[in-house]
Amino acid sequence: MSEMSDTNKRAPELSDRIIEMHAAAMREMSEPKDGVHPTPVAYIIACLFFTMWGGWYIGSYAGNWTADGLAETAAGMGVPVATAAPQDPMELGAEIYNACLQCHQADGKGVPGSFPPLTESEYVKGDPKRLTAILLNGLQGEIKVGGVTYNSQMPAWKDSYNDEEIAAVATYIRTKFGSNAGKVDKGLVEGVRKEFGAKGPWFEGSLLESFPKP
Ligand code: HEC
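In what follows, the accompanying structure is described. None of the values given here were measured: they were computed from a predicted structure.

### Observations regarding the site of the ligand
In step 1: As a structural note, the neighbourhood of the ligand is formed by 30 residues, with C100, C103, P116, S121 and M154 the closest of them.
In step 2: Looking at side-chain class alone, the shell around the ligand contains 22 nonpolar, eight polar and no charged residues.

Written out as structure tokens, the structure reads:
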């Protein structure tokens, strides 16, 4: 160490030359060369992004790694899915009737004074087009069912259920509460939806106008 500083002291022009030589060498070194470029930061970020996106994608769509994880008809999904074979309308109707239960009750007898019965009702047993029209658009105002007058509101179901589902619940209540009044099919619902679907809720008067008593 002491030897070297002695040399530097003795020959400053030598150390200058050394630096000069190295500076030239270092300039040469910094010349860009094929194959030794550092990985661009943007590329690393892109790799991280796609790795994370891939993880998210697999997590979302791998179906829990089970064979039937993505099967639309898998049991327990809770959503009735239209399958190739049409569902039994009584089964589908019973499922949809869950939406009516709170007002019309499980036995279809309704709640005296508030919700009219579906049993002993001309609207259920009678013209299937009129029944379908009520289910699609709802009903309000004074209405007489089984000799009793009700004055409340029945919600519209046209946005909640498709033609097959409306047909199924109509078939269900006609069979269970309407003394086997007969099946309502999907085509009839389609027709009624086309003809009256855009109307607002029905009233006893407008029903009578569009569906003169059978
Ligand atoms: C929020 C309560 C409520 C729900 C839910 C409800 N309804 Fe009604 N429903 C009524 C009321 C109230 C009336 C009478 C409307 C009036 O007073 O103008 C009625 C009337 C009816 C009528 C005509 C009158 C009669 O008793 O026959 C039918 C048919 C009917 N509902 C079927 C259904 C079906 C089928 C469902 C399920 C898809 C359903 N309702 C869901 C309250 C409800």
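### Some remarks on the pairing of strand β2 (residues 148-154)
In step 1: When strand β1 (residues 139-145) meets β2, the two strands line up antiparallel, connected through seven bridges. Residue pairing for β2: L139 is matched across the bridge by M154.
In step 2: The turn linking β1 back onto β2 is made up of two residues, and G146 within it adopts a positive phi angle of 55 degrees.

### Overview of the packing of helix α7 (residues 128-137) against helix α8 (residues 163-176)
In step 1: Contact pair α7 / α8: the axes reach a minimum separation of 10 Å and the direction vectors enclose 120 degrees. In terms of orientation, α7 lies oblique with respect to α8. Considering only the axes of α7 and α8, their crossing is right-handed. For the pair α7 and α8, the contacting residues are P128, L131, T132, L135 and L136 in the first and I166, V169 and A170 in the second.

### Some thoughts on the environment of S121
In step 1: Here S121 is to be found in the loop between α5 (101-104) and α6 (122-125).
In step 2: Given 19 C-beta atoms within 10 Å, S121 falls into the partly exposed group.
In step 3: Along the sequence, S121 and R174 sit 53 residues apart, while their C-alpha atoms lie 9.7 Å from each other.
In step 4: Those residues in contact with S121 that lie beyond four places of it in its chain are P116, V145 and G146.

### Re the packing of α8 against helix α9 (residues 186-196)
In step 1: Two elements in contact, α8 and α9, have axes separated by 8 Å at closest approach and are oriented at 115 degrees. When the interaxial angle is binned, α8 and α9 end up roughly perpendicular. The handedness of the crossing between α8 and α9 comes out as right-handed. Contacts between α8 and α9 involve D163, E164, I166 and A167 on the former and, on the latter, K186, L188, V189, E190 and R193.
In step 2: Of the residues in the contact of α8 with α9, the class split is four nonpolar, no polar and five charged.

Rules of the game
- Residues numbered from 1 in each chain as written.
- Predicted model: local features only at pLDDT ≥ 70, side-chain atom pairs only at ≥ 80, totals over all residues.
- Near = placed C-beta within 6 Å.
- Nonpolar A, V, L, I, M, F, W, Y, C, P; charged D, E, K, R; others polar.
- Pairing = 2+ DSSP bridges.
- Helix = DSSP H or I, 4+ residues; strand = E, 2+ residues; numbered from the N terminus.
- Axes fitted to C-alpha atoms, helices over the stretch in contact; angles between N-to-C directions.
- Parallel < 35°, antiparallel > 145°, perpendicular 65-115°, else oblique.
- Left-handed = near helix turned anticlockwise from the far one by under 90°.
- Contact = placed C-beta atoms within 7 Å.
- Buried ≥ 20, exposed ≤ 12 C-beta atoms within 10 Å, placed from the backbone.

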